[in-house]
Amino acid sequence: MRRSLLLLFAALALLAAGCGSDDDESTATSGGATATAEAPAAGGETAAAGDVVVVDMKNIQFDPKEVEVDVGQTVRWENMDTVDHDAVSTSGDEFESELFGKGGTFEYTAEKPGTIEYECTVHPGMVGTIVVR
Amino acid sequence: MRVLTWNLFHGRAVPPAGRDLRERFAATLAGWDWDVALLQEVPPWWPPLLGAADHATALTSRNCLLPVRRRLAERWPDVVKSNGGGANAILLREGRFSAHARRRLRRWPERRVMHAVRLPGGIWAGNLHAQVHSAERADADIALAASTLLRWAGDAPALLGGDFNVRRPRPEGFVSAGGRGVDHVFVRGLAPVDVELPDRRGLSDHDPVIVRVGSLRA
C-alpha cells in the first residue's frame with residue numbers, strides 16, 4: 001500500500017513537471033498545421049448548432065460516428081485529442097483535411113444528397129459516416 | 001527483404017487495455033514476417049525484450065528518471081502515457097548490425113532523433129519519428145534525416161522508414177516503397193516490391209506497414 005502511494009506521488013510529480021522534452025502526447029502543444037486553428041466550441045457537445053454539426057475527435061475516435069445533415073449544412077470536426085488527426089473521405093463526396101492538432105478544426109459543407117464514408121488516415125479504425133439528406 | 005515500420009504508441013492499445021502490453025506486442029511482432037523492424041514510440045526498456053537477434057535503440061524524449069518512469073508506466077500505462085519515456089528502435093530478426101549511428105534532429109519543441117544501422121549485406125536502414133503538430137518542422141526533420149542517412153550510406157543502398165508525421169513526405173534522394181497515413185518506407189538503390197498492412201490486433205494507434213524490397217538488379 002505504502003509502495004503504491006509512493007509510486008502514485010511519483011507519477012503525479014512526473015506528470016506535473018513534464019520532466020524532459022516531449023513526445024506525441026504533449027499537452028502543452030496545440031494547433032499546428034491545421035487549416036482552421038480555432039478553439040473548439042464550448043462544451044464540445046455533438047449537436048447541431050445552427051447550420052453546423054460538430055463531430056468531436058476524441059479518444060482516437062469520431063464522436064458521433066454517424067451524423068445526418070441537410071444539403072448546405074456544415075460538418076465541423078474538432079480535435080480534442082493530443083495527437084494529430086485528419087478527416088479524409090473514402091467514398092461519396094470528396095474532402096480531405098490537413099493533419100491538425102488539439103483545438104484545431106476542419107469544416108466541410110454538404111453539397112448533394114448521399115452517404116459519405118471518411119477516416120482519419122493516421123489512426124486505423126477511426127472512421128465515420130455522414131448521411132446527407 | 002521485408003521492412004516493418006510501426007509506431008508502438010508507447011506500448012498501449014486503442015481502446016486502452018489498462019495493463020502492460022509488452023508480451024502482447026512481442027508476440028504480435030514475432031508472428032509477422034519481417035527481417036528488419038523500425039519502431040517508434042517504444043518504451044526504452046523494451047527493445048532487448050522483443051525477441052530480436054540484434055537491436056539498436058535511440059532515446060527520444062521524456063527519459064529523465066527513467067527507472068521511476070518505467071515502474072510507473074508498467075503499472076499504469078494508460079495513465080502515464082508518453083511520460084513513461086520514449087525511444088526509437090531498430091530490430092534485426094537474424095544476424096547482427098555492423099554499425100549504428102544517431103543524429104539528433106532537434107531539441108525543441110521536442111527532442112527528435114534519426115538513427116540508422118548497417119545491415120548484414122551493407123544496406124543502411126534509418127528510423128525516423130519526425131516532429132508532430134507542425135508539417136514545416138516535420139519536413140525539416142525529414143530533409144535532415146534523409147541527407148544524413150545518404151551521407152552515412154555513401155554508395156550503399158539505403159532505406160528510411162518511420163512515422164514521418166506528414167502524409168506525403170518527400171525525402172530527397174529516396175523513392176517511396178509504400179506506407180499508410182504518416183507511416184512510410186523510402187528506399188535508395190533498392191527496388192520496392194509490395195506492401196502489406198498486417199493485423200495489429202488492437203495494439204497501438206498506428207497501422208504497422210511491411211514493405212518488401214529487392215535488389216535493383218533482381
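Chemist: Summarise the overall build of chain A; cite the residues concerned and give the values.
Modeler: For chain A, the helix and strand inventory stands at one helix and nine strands. Along chain A, from the amino end to the carboxyl end, the secondary structure elements read α-β-β-β-β-β-β-β-β-β. For chain A, the residues scored as buried account for 47% of the 133 residues in total. Expressed as a percentage of contacts within chain A between residues at least 6 apart in sequence, the contacts between residues at least 24 apart total 55%. For chain A, the accessible area works out to roughly 6,300 Å², and carbon and sulfur atoms hold 53% of it.

Chemist: Go over the overall build of chain B with me, naming the residues and quoting the values.
Modeler: Per the secondary structure count, chain B includes four helices and 12 strands. In terms of overall dimensions, chain B has C-alpha extents of about 50 × 35 × 30 Å along its principal axes. Counting across all 218 residues of chain B, residues that qualify as buried make up 58%. If you take every contact in chain B between residues at least 6 apart in sequence, the share linking residues at least 24 apart comes to 65%. Counting every atom, chain B has about 8,500 Å² of accessible surface; 49% of that belongs to carbon and sulfur. Positive and negative side-chain charges in chain B, numbering 32 and 22 respectively, have mean positions lying 5 Å apart.

Chemist: Mind laying out the sheet that holds strand β3 (residues 54-59) of chain B, listing which residues take part and the relevant values?
Modeler: Residues and elements named next belong to chain B. Sheet architecture is open: six strands sit in the order β3-β4-β2-β1-β12-β11, paired in mixed fashion. Whereas interior strands pair on both sides, the edge strands pair on one side only; in this sheet they are β3 and β11 (190-196). The mean angle between the axes of side-by-side strands here comes to 20°, regardless of whether they run parallel or antiparallel. For β3 and strand β4 (residues 87-92), the ladder comprises six bridges, and the chain directions are antiparallel. Bridging from a neighbouring strand, His55 pairs with Leu91 of β4.

Chemist: An account of the side chain of B:Asn88 is needed here, citing residue identities and associated values.
Modeler: When you line up the elements, B:Asn88 lands in strand β4. A distance of 3.4 Å separates a polar atom in the side chain of B:Asn88 from the backbone oxygen of B:Val113.

Chemist: Before we move on, can you summarise the environment of B:Thr5 with the specific residues and values?
Modeler: Residue and element names in this part refer to chain B. By the element assignment, Thr5 lies in strand β1 (residues 2-7). On the basis of relative accessibility, which here comes to 0%, the residue Thr5 falls in the buried class. Each C-alpha atom, one on Thr5 and one on Leu39, is 5.8 Å from the other, the two residues being 34 residues apart in sequence. Aside from chain neighbours lying at most four places away, what touches Thr5 is Leu38, Gln40, Gly161, Gly162, His184, Val185, Asp207, Pro208 and Val209. A distance of 3.2 Å separates a polar atom in the side chain of Thr5 from the backbone nitrogen of Gly162.

Chemist: Report on helix α2 (residues 66-75) of chain B, specifying residues and quantitative values.
Modeler: Every α-helix winds through 3.6 residues per turn, so residues three or four apart in the chain are directed the same way. All buried positions along α2(B) are accounted for by B:Arg69, B:Leu72 and B:Ala73. Buried residues of α2(B), seen end-on, are gathered within an arc of 95° and therefore sit on one face of the element.

Chemist: Describe unusual backbone geometry, naming the residues involved and giving the relevant values.
Modeler: The peptide bond linking A:Asp63 to A:Pro64 adopts the cis configuration, its omega dihedral lying at 0°. The residue A:Pro64 is located in the loop between β3 (61-63) and β4 (66-69) in this model. Its identity is not glycine, yet B:Asn165 carries a phi of approximately 55°, on the positive side. Among the secondary structure elements, B:Asn165 is positioned in the loop between β8 (158-163) and β9 (175-180). You can call B:Asn165 buried: its relative accessible area is 9%. Although it is not a glycine, B:Ser204 adopts a positive phi angle of roughly 65°. With respect to the secondary-structure elements, B:Ser204 resides in the loop between β11 and β12 (209-215).

Chemist: With reference to specific residues and values, describe a positive patch on the surface.
Modeler: On the surface, B:Arg103, B:Arg104, B:Arg107 and B:Arg151 cluster together to form a positively charged patch. With respect to the helices and strands, the residue B:Arg151 is situated in helix α4 (residues 135-153).

Chemist: Quick one: what's the story with the packing of aromatic side chains, residue by residue and with numbers?
Modeler: Residues and elements named next belong to chain A. Per the counting criterion, the structure on display carries 12 aromatic pairs over all chains. Their ring planes at 40° and their centres at 5.3 Å tell us that Trp77 and Phe95 sit as a pair that is tilted. Taken together, the positions of Trp77 in strand β5 (residues 74-79) and Phe95 in the loop between β6 (88-91) and β7 (105-109) put the pair 18 residues apart, joining distant regions of the chain. Here the two residues Trp77 and Phe95 agree in accessibility, since each one is buried.

Chemist: Quick one: what's the story with the environment of B:Arg201, residue by residue and with numbers?
Modeler: All names here are of chain B. Along the chain, the position of Arg201 falls in the loop between β11 and β12. Judged by its relative accessible area of 44%, Arg201 is partly exposed. With 34 residues separating them along the chain, Arg201 and Arg167 place their C-alpha atoms 23 Å apart. Every residue in contact with Arg201, bar those within four places of it in the chain, is listed here: Arg24, Thr28 and Trp32.

Chemist: Hey, could you go over empty space enclosed by the protein for me, with residue numbers and the actual values?
Modeler: Residue and element names in this part refer to chain B. This model, assessed by the stated rule, comprises two cavities of 30 Å³ or more. Counted as a void, the largest cavity has a volume near 100 Å³. Every residue lining the largest cavity is counted, 13 residues in all, and those nearest its centre are His10, Pro43, Trp45, Ala73 and Pro77. Within the residue set of the lining of the largest cavity, elements represented by two or more residues are α2 and α3 (77-80). Within the lining of the largest cavity, the residues separate by chemical class into six nonpolar, four polar and three charged.

Cut-offs used in this document
Residues numbered from 1 in each chain as written. Chains lettered and ligands numbered in written order. Predicted model: local features only at pLDDT ≥ 70, side-chain atom pairs only at ≥ 80, totals over all residues. Heavy atoms only, no water. Helix = DSSP H or I, 4+ residues; strand = E, 2+ residues; numbered from the N terminus. Buried < 20%, exposed > 50% of the residue type's maximum accessible area, 1.4 Å probe, protein only. Contact = heavy atoms within 4.5 Å. Areas by Shrake-Rupley, 256 points an atom, 1.4 Å probe, with all protein chains shown as cover. Lys, Arg positive; Asp, Glu negative; His and termini not counted. Charge placed at Lys NZ, Arg CZ, Asp CG, Glu CD. Pairing = 2+ DSSP bridges. Axes fitted to C-alpha atoms, helices over the stretch in contact; angles between N-to-C directions. Polar contact = N/O pair within 3.5 Å; in protein donor to acceptor, adjacent residues only side chain to side chain. Arc of directions from axis to C-beta. Patch = residues over 30% accessible without salt bridge, like charges linked within 9 Å, V, L, I, M, F, W, Y side chains within 5 Å. Salt bridge = Lys/Arg side-chain N within 4 Å of Asp/Glu carboxyl O. Phe/Tyr/Trp six-rings, centres within 6.5 Å; stacked < 30°, edge-to-face > 60°. 1 Å grid on protein atoms, 1.4 Å probe; cavity = no way out; pocket = protein on both sides within 12 Å on 5 of 7 lines; lining within 4 Å. Points joined across faces, edges and corners; volume = space filled by probe spheres on them. Nonpolar A, V, L, I, M, F, W, Y, C, P; charged D, E, K, R; others polar.

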